[in-house]
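# Residue-level structure breakdown
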Amino acid sequence: MTRLLVRDLAQLATPVPSGNVPRRGAELGAVEVLEDAFVLCSEGQIEAVGRMRDLGALGDALDDVEELDGSGRCAVPGLVDCHTHPAWGGDRVDEFSLRSAGATYEELHAAGGGIRSTVTATRALGEGGLRERVARHRAWMLGHGTTMWEGKSGYGLDRETELASLRAIRAAGGSPTWLGAHAVPPEAADADSYLDFALAEVLPEAARLADAADVFLERGAFDAIQARRFLEACGAAGLALRLHGDQFTESGAIPLAVELGARSVDHLEATGAEGVATLAASGVMGVLLPASALFLDRPMPPARALADAGAAIALATDFNPGSAFTTSLPLVCSLACSQLHLSPAEALTAVTVNAAYVVGAAGHAGRIAPGLAADLVLLDAPDWRYLAYHLAGDIVTAVVKDGQVAYRR
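Residues numbered from 1 in each chain as written. Predicted model: local features only at pLDDT ≥ 70, side-chain atom pairs only at ≥ 80, totals over all residues. Heavy atoms only, no water.

### Some points on the state of the cysteines
- Enumeration according to the criterion identifies zero disulfides in this entry.
- C74 provides the cysteine sulfur closest to C41, a residue in no disulfide bond, and the two sulfurs are 17 Å apart.
- The structure places no disulfide on C82, whose sulfur is separated from the nearest cysteine sulfur, that of C333, by 11 Å.
- Residue classification places C82 among the buried positions, given a relative accessible area of 0%. (Disulfide = S-S within 2.5 Å. Buried < 20%, exposed > 50% of the residue type's maximum accessible area, 1.4 Å probe, protein only.)

### Topic: the nonpolar core
- Of all hydrophobic cores here, the largest spans 86 residues; its most connected members are W178, F222, F230, L243, V265 and L315.
- In terms of residues, this core owes the most to one element, helix α5 (residues 191-209), which gives nine residues.
- With residues up to four places along the chain from it excluded, the contact list for L243 reads D214, V215, L217, L231, A253, L256, A257, A262, S264, V265 and D266.
- In this structure, I46, L68, L378 and V400 belong to the second largest nonpolar core, which totals 17 residues. (Core = buried A, V, L, I, M, F, W, Y, C linked by side-chain atoms within 4.5 Å. Helix = DSSP H or I, 4+ residues; strand = E, 2+ residues; numbered from the N terminus. Contact = heavy atoms within 4.5 Å.)

### Observations concerning helix α8 (residues 273-280)
- Every buried residue of α8 is listed here: G275, V276, L279 and A280. All buried residues of α8 fall inside an arc of 130 degrees around its axis, so they share one side. In this structure, α8 carries A273 and E274 as exposed residues pointing more than 90 degrees from its buried face. (Arc of directions from axis to C-beta.)

### What about the packing of α5 against helix α6 (residues 224-236)?
- Contact pair α5 / α6: the axes reach a minimum separation of 11 Å and the direction vectors enclose 5 degrees. Classed by the angle they form, the pair α5 and α6 counts as roughly parallel. Of the residues in α6, those touching α5 at A191, D192, L195, D196, L199 and L203 are Q226, R229, F230, A233 and C234.
- Of the residues contributing to the contact of α5 with α6, the split by class is seven nonpolar, one polar and three charged. (Axes fitted to C-alpha atoms, helices over the stretch in contact; angles between N-to-C directions. Parallel < 35°, antiparallel > 145°, perpendicular 65-115°, else oblique. Nonpolar A, V, L, I, M, F, W, Y, C, P; charged D, E, K, R; others polar.)

Encoded structure:
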């Protein structure tokens with residue numbers, strides 16, 4: 001594998017070292033910034049990081065190295081999107097138009113729209129179509145600086161499409177999550193009978209394909225008793241546990257996540273003070289999805305309260321066709337600062353090391369340091385904080401993945 005030298009960077013910004021645990025409290029905003037920096041990559045890992053004035057000390061290490069000019073640009077770690085829904089067919093643009101005229105997401109869902117409206121189109125794609133669609137979405141993520149990502153199934157809700165979705169996500173380089181309890185499909189009599197089917201017919205193979213399992217614990221989807229049943233079975237099958245929770249109502253997601261030792265509970269737009277305190281006292285990551293709240297015109301999650309209470313938090317896009325049609329983590333960082341009242345440093349940590357923890361890559365990705373994955377994002381900006389400062393997020397000029405230039409604008 002060709003070695004790569006990224007040189008003459010105006011700035012390099014990375015969360016400071018702190019072991020293989022999520023950052024929280026003061027560490028959430030602890031970022032090291034190097035001026036006039038370089039990064040040397042070798043065999044998919046970072047070999048050396050430093051200031052340009054120290055580059056000569058590498059001596060013969062610079063022989064036969066490809067160079068990437070970082071003049072006037074800043075480098076941050078490869079971004080990690082720890083909550084996406086990339087495997088779906090069709091679109092929901094008609095519902096978007098109805099929502100803009102006043103219909104709510106819950107009203108559309110109750111009328112047979114929402115998640116259920118995507119199921120038919122997703123089933124019709126077939127495995128080849130799913131692979132093409134996920135690969136397309138993965139390319140969108142890369143162009144926004146995402147080098148590592150999690151992808152959920154959940155728009156098939158039958159055996160064949162759910163398993164095909166997990167295979168498509170793995171084939172595109174993502175970490176697959178079986179969102180087997182996303183909604184009740186139209187052919188099922190009720191939530192309990194659907195779970196009977198999913199756990200008996202889909203879980204055995206899904207457990208071999210996926211890294212984690214997820215459930216939508218919410219009014220109109222699955223209640224806390226049903227979520228517990230699903231998650232306990234998935235945990236017994238060896239899957240890490242995650243929850244969609246507190247998106248519209250507080251229905252017991254945080255206590256259940258803490259009790260079962262889930263890796264994360266995601267959304268939290270409806271989380272109150274007790275939920276904040278419970279999450280802060282636990283080892284469960286709160287994954288915040290401000291693009292979804294914005295897209296649905298919902299209250300933002302209480303990020304500042306969570307951070308100040310000492311909770312571990314991450315940020316993600318929630319990319320999906322109905323409630324967060326974006327693959328831009330830079331946009332999410334901008335929303336995190338302007339709407340969630342996080343600092344640019346806290347936002348950077350939340351889309352790098354903390355997000356890497358959620359996808360099971362703690363200690364491997366999320367920082368720019370020797371021995372870690374050689375994943376970098378170059379920003380066309382004089383200051384790394386443009387990652388959040390630029391509202392459109394259209395500032396990614398190059399992406400290095402596994403020590404190779406994977407995207408260049």
